[in-house]
Amino acid sequence: MPNFRTLDDIDVKGKRVLVRADLNVPMQDGVVTDTLRIDRQAPTIRELAGKGARVIVLSHFDRPKGKVVPSMSLEPVAGPLSKAIGRAVGFNVDTAAMKDGDVVLLENTRFHPGEEKNDLDYARQVAALGDLFVNDAFSAAHRAHATTEAIAHLLPAAAGRSMEQELTHLDKALGNPERPVMAVVGGAKVSTKIALLENLVKRVETLVIGGAMANTFLTAEGIEVGKSLVERDHIETALRVIHLSTESGCAIILPVDAVVAHNFKAHAKHRTVDIRSVGADEMILDVGPKSIDEFKQRLIGTRTLVWNGPLGAFETAPFDKGTVAAAKAVAEATKAGNLLSVAGGGDTVAALNHAGVSDDFTYVSTAGGAFLEWLEGQELPGVAALVASKGV
Ligand code: ADP
Ligand code: MG
């Protein structure tokens, strides 16, 4: 477990606490349309205010590129945030007048050119408003920005509850997992996940590859996949991953059968075939039932599972079946107490929601890019700065 402080380790009563949140929420015409991110950040802000801190909330929103762009103001977020924490939230008001338990949301950090440059002067300017820094924005931790990285060196820093949750689960999944560990990687392309595949083969006992990405691996192994999506210029990459897996003793599991169609559209005429029988004018749109059976067999005895990427074109019925069946099997094993399961990635989260099992996984990360960089084994600057931060 990385060694960082949490809210349990800092005394916040009467202190001015700067909380870096990720309130980059979906918004339309100045109205927040999805409060998931707000709900994830609410516990930390509520807890700090409840303990008598003066809470100053920082967040980026969209990409104003260092300029004040009125349509990218955080002002519309103040109301929903107030509702989520059950307290009044002042927007961009003078923080000098705050009392214990007050909460103020400041304006979009990216309105300042120093934010994305990790500028020390801007970080100092913000740090001067607080006594303590709490980073609760794991989803922004892969960026070294002034209010995620530099500032953590200027004030005593701790992880918020959402950051703590994320780091704890990620550590259990790959940092210090119970073995054996299985990784499931799917999605459209090998090319977007090279570093991830190379890292995972070194760290897990079994790597299940599905989705269109599997087509490139199948092609590398000399299997004909017809009109399926294949990245011909990444066959070398697939061969390298296979070579690395042999070196590190990781078993790579490719689909043994597939659901194929002539056209990529909803309810297209389709058939299930052995992986060696894909017709020249057919495309693979999902893994088949035998592949799912093999997956279920391998799940028995597996203690830890990490998942990124759907196993088929799950947005287009009926090519969601493989992903849904695999997701349900993972959910069952998790509920039975046999498995710790962690998943993440934009489309993966959507696929698990579609399967109705998000709540049955041990943890589903909504952090997107930060989750993927962590799967690649990269050090996240926002997390590293928290660990490095000294003294309270
Ligand atoms: P994530 O966002 O979770 O990291 P990706 O973006 O890598 O996942 O991949 C998700 C996409 O891959 C989905 O849109 C899905 O439809 C697509 N996909 C998966 N399998 C196939 C396939 N066999 N053919 C075409 N597209 C596929
Ligand atoms: Mg995606």
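Up top you'll find the structure we're talking about.
Residues numbered from 1 in each chain as written. Chains lettered and ligands numbered in written order. Predicted model: local features only at pLDDT ≥ 70, side-chain atom pairs only at ≥ 80, totals over all residues. Heavy atoms only, no water.

Student: Kindly report on the packing of aromatic side chains, identifying the contributing residues and their values.
Tutor: Following the criterion strictly, the structure yields two aromatic pairs and no others. On the basis of an interplanar angle of 45° and a centroid distance of 6.2 Å, the ring pair of W307 and F361 is categorised as tilted. Of this pair, W307 sits in strand β15 (residues 304-308) while F361 sits in the loop between α11 (346-355) and β17 (363-365), and the two are 54 residues apart along the sequence. No difference in accessibility class separates W307 from F361, as the two residues are buried. Look at F371 and W374: their rings are 6.0 Å apart centre to centre, the planes differ by 35°, and that puts the pair in the tilted class. Here the residue F371 and the residue W374 both occupy positions in helix α12 (residues 369-375), the gap between them amounting to three residues, near one helical turn. For the pair F371 and W374, one class covers both residues: buried. (Phe/Tyr/Trp six-rings, centres within 6.5 Å; stacked < 30°, edge-to-face > 60°. Helix = DSSP H or I, 4+ residues; strand = E, 2+ residues; numbered from the N terminus. Buried < 20%, exposed > 50% of the residue type's maximum accessible area, 1.4 Å probe, protein only.)

Student: An account of empty space enclosed by the protein is needed here, citing residue identities and associated values.
Tutor: As enumerated under the stated definition, the model contains three cavities of 30 Å³ or more in all. A volume near 130 Å³ is recorded for the largest cavity. Around the largest cavity sit 13 residues that line it, and R37, R40, S139, S162 and T366 are the ones nearest its centre. Contributing elements (two or more residues each) for the lining of the largest cavity: α1 (36-50) and α5 (161-175). Grouping the constituent residues of the lining of the largest cavity by class yields four nonpolar, four polar and five charged. In this structure, the second largest cavity spans a volume of roughly 120 Å³. (1 Å grid on protein atoms, 1.4 Å probe; cavity = no way out; pocket = protein on both sides within 12 Å on 5 of 7 lines; lining within 4 Å. Points joined across faces, edges and corners; volume = space filled by probe spheres on them. Nonpolar A, V, L, I, M, F, W, Y, C, P; charged D, E, K, R; others polar.)

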